[in-house]
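Chain by chain, the residues run as shown.
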Amino acid sequence: MSFRAINQKYLEPGSQVLMVLGIVALCQPWNMLLHTYGLTIILIGLIGFNITSKIAPEQEAGTGHAARNPGAQH
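Presented here is a report on the structure given in the accompanying data block. (Residues numbered from 1 in each chain as written. Predicted model: local features only at pLDDT ≥ 70, side-chain atom pairs only at ≥ 80, totals over all residues. Heavy atoms only, no water.)

### Describing the overall build of the chain
Each helix and strand counted, the chain has two helices and zero strands in total. Burial analysis of the chain (74 residues in total) assigns 15% to the buried set. The contacts of the chain with a sequence gap of at least 6 include a subset with a gap of at least 24, amounting to 57%. If you sum the accessible surface of the chain, you get close to 5,900 Å²; carbon and sulfur atoms cover 66% of it. (Helix = DSSP H or I, 4+ residues; strand = E, 2+ residues; numbered from the N terminus. Buried < 20%, exposed > 50% of the residue type's maximum accessible area, 1.4 Å probe, protein only. Contact = heavy atoms within 4.5 Å. Areas by Shrake-Rupley, 256 points an atom, 1.4 Å probe, with all protein chains shown as cover.)

Here's what the structure looks like:
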């Protein structure tokens, strides 16, 4: 299994789940420690998602050609 496949299967969804868990930690009223670090958890998930979403999936990798956009300035 390549890094791109691991990224697509585990890392990208994991960072999304981490953002949701950060929101839950921020909004829950029972544990002050979770509430204190809720925003930090959200930010770590957001940074992770920004990084992992930039990695191209395995089927698009290795072609060496950029997608053609007919309306783009060349």
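From this point, things continue past the structure.
### Brief notes about helix α1 (residues 3-27)
Look at α1: 34 Å from first C-alpha to last across 25 residues, which is about the 36 Å you get at 1.5 Å a residue. By the largest-angle criterion, Lys-9 marks the main kink of α1, which is about 30 degrees, and a proline, Pro-13, follows within four residues. Burial in α1 covers these residues: Ala-5, Asn-7, Ser-15, Met-19, Gly-22 and Ala-25. (Expected span 1.5 Å × (residues − 1). Bend = angle between axes of the 7 residues up to and from the residue.)

### A look at helix α2 (residues 32-52)
Spanning 21 residues, α2 covers 30 Å between terminal C-alpha atoms, matching the ideal 30 Å at 1.5 Å per step. The sharpest bend along α2 measures roughly 45 degrees and falls at Gly-38. Every buried residue belonging to α2 is among Gly-38, Ile-42, Gly-45 and Thr-52, and all of these are buried. Along its buried surface, α2 packs onto α1.

### Side note on the environment of Asn-50
Looking at the element boundaries, Asn-50 is found in helix α2. When its relative accessible area of 40% is taken as the criterion, Asn-50 is described as partly exposed. Sequence-wise, Asn-50 and Glu-12 are 38 residues apart; in three dimensions their C-alpha atoms are separated by 9.0 Å.

### Points about the side chain of Ser-15
For Ser-15, the position within the fold is in helix α1. What makes Ser-15 buried here is its relative accessible area of 7%. Once you skip the residues sitting within four places of it in the chain, Ser-15 turns out to touch Gly-45, Gly-48, Phe-49 and Thr-52.

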